[in-house]
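Below are the chains, spelled out letter by letter.
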Amino acid sequence: MYAIAFTQNVLSGRWKYFILWYLKGTTRRYSDIKNFLGDLSQGSLTKQLRELENDGVITREVFPVVPPKVEYSLTEKGMKLIPVLDMMEGFGKEYGEQAKSTND
């Protein structure tokens, strides 16, 4: 049970699933992540990114240029979460339409 709670804690947060999924397979700049997520405040995004970085699932690289350039990518630990996200996506594709049509 502890293992599930630990994983849930790493992924807890409204945007973390989307951030990890968006970083899947490529490095992204902060502005790219912000644009992808749309209506999200800078503070909220920064908080989610810092938590993911503190949990060791993403890395943050700051380039010494003006204007500042910051890039994020998945760590090896973060890559291990991708199959979990892929299964969640598959579940949503399979059952999401059923739930949507049932609620309509």
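What this report covers is the structure whose coordinates are included nearby. Since the model is a prediction, treat every value here as computed from it, not as a measurement.

Some words on the side chain of K16
Next up, step 1: Along the chain, K16 falls in helix α2 (residues 16-23).
Next up, step 2: Note on K16: relative accessible area 2%, which makes it buried.
Next up, step 3: Those residues within four positions of K16 in sequence are excluded, and the remaining contacts are N9, V10, L11, Q48, E51, L52 and D55.

What to know about the pattern of salt bridges
Next up, step 1: This structure, assessed with the given rule, holds five salt bridges.
Next up, step 2: Salt-bridge contacts for E71 lead to K69; the nearest nitrogen and oxygen are separated by 3.6 Å.
Next up, step 3: Residues participating in the shared-partner salt-bridge network are K16, K47 and E51.

Things to note about the pairing of strand β3 (residues 69-74)
Each regular strand displays side chains that alternate between the two surfaces of the sheet.
Next up, step 1: In terms of burial, β3 is largely enclosed, as five of its six residues are buried.
Next up, step 2: Strand direction decides the pairing type here: strand β1 (residues 28-29) and β3, joined by two bridges, are antiparallel. If you follow R28 over to β3, its bridge partner there is Y72.
Next up, step 3: The hairpin formed by strand β2 (residues 58-63) and β3 contains five residues between the paired strands.

Notes on the packing of α2 against helix α4 (residues 42-54)
Geometry of a packed helix pair, given as the angle between the helix axes and the separation of the axes.
Next up, step 1: α4 packs onto α2 with a crossing angle of 70° between their chain directions and a minimal axis gap of 10 Å. As judged from the angle between their axes, α2 and α4 are roughly perpendicular. Both α2 and α4 take part in a crossing whose hand is right-handed. Together, K16, I19 and L20 of α2 and L45, Q48, L49, E51 and L52 of α4 make up the contact between the two elements.

Quick look at the sheet that holds β1
Next up, step 1: With antiparallel pairing, the three strands of this open sheet are ordered in space as β1-β3-β2. Two strands in the sheet have a free side with no partner beyond their single neighbour: β1 and β2.

Here we look at the nonpolar core
Next up, step 1: Membership of the largest hydrophobic core comes to 22 residues, with the highest contact counts inside it found for I19, L20, I33, L45, L49, I58 and Y72.
Next up, step 2: Of all elements in the fold, only α1 (2-11), α2, α3 (30-37), α4, β3 and α6 (82-103) reach the threshold of two or more residues within this core.
Next up, step 3: Per-element accounting of this core gives the leading share, four residues, to α2.
Next up, step 4: Not counting residues up to four positions away in its chain, the partners in contact with I19 are I33, L37, L45, Q48, L49 and L52.

What counts, and where the lines are drawn
- Residues numbered from 1 in each chain as written.
- Predicted model: local features only at pLDDT ≥ 70, side-chain atom pairs only at ≥ 80, totals over all residues.
- Heavy atoms only, no water.
- Helix = DSSP H or I, 4+ residues; strand = E, 2+ residues; numbered from the N terminus.
- Buried < 20%, exposed > 50% of the residue type's maximum accessible area, 1.4 Å probe, protein only.
- Contact = heavy atoms within 4.5 Å.
- Salt bridge = Lys/Arg side-chain N within 4 Å of Asp/Glu carboxyl O.
- Pairing = 2+ DSSP bridges.
- Axes fitted to C-alpha atoms, helices over the stretch in contact; angles between N-to-C directions.
- Parallel < 35°, antiparallel > 145°, perpendicular 65-115°, else oblique.
- Left-handed = near helix turned anticlockwise from the far one by under 90°.
- Core = buried A, V, L, I, M, F, W, Y, C linked by side-chain atoms within 4.5 Å.

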